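Structural overview
The chain contents come next:
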Amino acid sequence: KGRVGLQRKSVSQEEARAKTTAWALTFADLTTLLLTFFVLLLVILNDAEAHVDRLVNIILDETERELSPLQQNNLVDIERVTKGIKITLTGSKLFKSLSADLNPDADPILVQIGGLIRTSTLMNIYKQPRWAPLLEMINKSNDTLNIEIRAEGHTDDKPIPMNSRFRNNWELSSARSLNLVQRLSELAQMEQHYFSALGYGEFRPKREIANIKDRAELEEARAENRRVELYFDAFIKSKNESDKSF
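Counting its secondary structure elements, the protein chain contains seven helices and five strands. Starting at the N terminus and ending at the C terminus, the protein chain contains elements arranged as α-β-β-α-α-α-β-α-β-α-β-α. Counting all 246 residues of the protein chain, 35% fall into the buried class. Nonlocal contacts in the protein chain, meaning residues at least 24 apart in sequence, comprise 68% of its contacts between residues at least 6 apart. Per element, the accessible surface of the protein chain, about 15800 Å² overall, is 55% carbon and sulfur.

Backbone-to-backbone hydrogen bonds pair the strands of a sheet. The strands run either parallel or antiparallel. Spatially, five strands are ordered 1-2-5-3-4 in an open sheet, and the strand pairing comes out mixed. Two strands in the sheet have a free side with no partner beyond their single neighbour: strand 1 (76-81) and strand 4 (195-199). Between one strand axis and the next, the sheet turns by 25° as a mean value, whatever way the strands run. Of the pairings in the sheet, the one linking strand 2 (residues 84-90) to strand 5 (residues 227-238) comprises six bridges and is antiparallel in character. Bridge pairing in strand 5 links Thr88 to Glu229.

Right, let's get into the confidence of the model for the protein chain. Detailed reading of predicted coordinates is not advised where the pLDDT is low. Taken as a whole, the protein chain shows an average pLDDT of 85; of its residues, 82% reach a score of 70 or greater. Taken element by element, the predicted model of the protein chain shows its lowest mean pLDDT in helix 1 (residues 2-66) (68) and its highest in strand 4 (97). For residues 2-6, every residue scores under 50 in pLDDT, and the model assigns this stretch zero contacts once sequence neighbours within four places are set aside.

It is worth spelling out the pattern of salt bridges at this point. A full pass over the atoms with the stated rule returns 19 salt bridges. Of the charged contacts, one joins Glu220 and Arg207 as a salt bridge, the two residues approaching to 3.8 Å between their closest N and O atoms. With Glu220 in helix 6 (residues 215-225) and Arg207 in the loop between strand 4 and helix 6, this residue pair connects regions lying 13 residues apart in the sequence. The class for Glu220 is partly exposed, based on a relative accessible area of 46%. In this structure Arg207 comes out as partly exposed when scored by relative accessible area, which is 22%.

Given a rise of 1.5 Å per residue, twelve residues ought to cover 16 Å, and the 16 Å separating the end C-alpha atoms of helix 3 (residues 107-118) matches this to within 8%. Of the residues making up helix 3, those classed as buried are Ile109, Leu110, Ile113, Gly114, Gly115, Leu116 and Ile117.

We now examine the pairing of strand 1. In this structure, strand 1 lies alongside strand 2, joined through six bridges in antiparallel fashion. Paired with Arg80 across the two strands is Ile85, which belongs to strand 2. The loop that links strand 1 with its antiparallel partner strand 2 comprises two residues.

Let us look at the pairing of strand 5. Where strand 3 (residues 143-154) meets strand 5, twelve bridges bridge the pair, whose relative direction is antiparallel. Looking at the pairing, Ile147 lines up with Ala234 of strand 5.

One finds Ile87, Ile113 and Leu230 to be the most contacted residues of the largest nonpolar core, which totals 41 residues. The set of elements that each furnish at least two residues to this core consists of helix 1, strand 1, strand 2, helix 3, helix 4 (132-140), strand 3, helix 5 (169-188) and strand 5. Filtering out sequence-adjacent residues up to four positions away, Leu230 remains in contact with Ile85, Lys86, Ile87, Leu89, Ile113, Ile149, Arg150, Ala151, Leu180, Val181 and Leu184. Within the second largest apolar cluster, five residues are counted, among which are Ala100, Ile160, Leu172 and Ala175.

Two numbers describe how helix 3 lies on helix 5: the axes approach to 8 Å, and their chain directions differ by 65°. If you check the angle between helix 3 and helix 5, you find them roughly perpendicular. Where helix 3 crosses over helix 5, the handedness of that crossing is right-handed. Contacts from Asp107, Leu110, Val111, Ile113, Gly114 and Arg118 in helix 3 reach Leu180, Arg183, Leu184, Leu187 and Ala188 in helix 5. Residue composition of the contact of helix 3 with helix 5, grouped by class: seven nonpolar, one polar and three charged.

Calculation notes
- Residues numbered from 1 in each chain as written.
- Predicted model: local features only at pLDDT ≥ 70, side-chain atom pairs only at ≥ 80, totals over all residues.
- Heavy atoms only, no water.
- Helix = DSSP H or I, 4+ residues; strand = E, 2+ residues; numbered from the N terminus.
- Buried < 20%, exposed > 50% of the residue type's maximum accessible area, 1.4 Å probe, protein only.
- Contact = heavy atoms within 4.5 Å.
- Areas by Shrake-Rupley, 256 points an atom, 1.4 Å probe, with all protein chains shown as cover.
- Pairing = 2+ DSSP bridges.
- Axes fitted to C-alpha atoms, helices over the stretch in contact; angles between N-to-C directions.
- pLDDT = per-residue confidence, 0-100.
- Salt bridge = Lys/Arg side-chain N within 4 Å of Asp/Glu carboxyl O.
- Expected span 1.5 Å × (residues − 1).
- Core = buried A, V, L, I, M, F, W, Y, C linked by side-chain atoms within 4.5 Å.
- Parallel < 35°, antiparallel > 145°, perpendicular 65-115°, else oblique.
- Left-handed = near helix turned anticlockwise from the far one by under 90°.
- Nonpolar A, V, L, I, M, F, W, Y, C, P; charged D, E, K, R; others polar.

Right, dumping it as structure tokens:
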């Protein structure tokens, strides 16, 4: 009888212990289900974001083809890059030496560039019904499609003379890119909020010149480095970020 009593006591203790830990199994199942749900939600969101990025890249590819007539001008080079569509303009044809003032002869090519940009798919995306689903997806995510035309000025490595109005190549390249976007905005009759300007001076050369010994080749490389690069791009931006003011 004593042994039976001990067995019953042991069984009852195991049953009590099982009852007290039963909630842990249910909680573990619930936690697993929630984790699975959040992982699935994350995958869905990532897929949606990737889909939007693919569509934006399709628009940029189409816009690049629309800008291809610019390639007929030997002053302009067009390339599809990760930062959008890059339009490279040779600096020596746009500006006189040590000057940030645009040559009047540059107006025709700027008119052509501005006209093609203004009538491009990217600039008219809100007017084309075929892109309405994309814009709706972006809006549902509380985002907006930001369109930018950014000029990045570059100079060669020659130092600025003491009597120049610019202290260094950094200032010269910044002034050139700013003057270019201002003129482009006027000629294209486009609002200024699309445009921005940067200057890199001699610090991002197109061709490295350190090992060039031939004088003619050196001057040719410097001429290539004197340029303004226009980036025509689109990217997704949070509406909350857009509303911030400083």
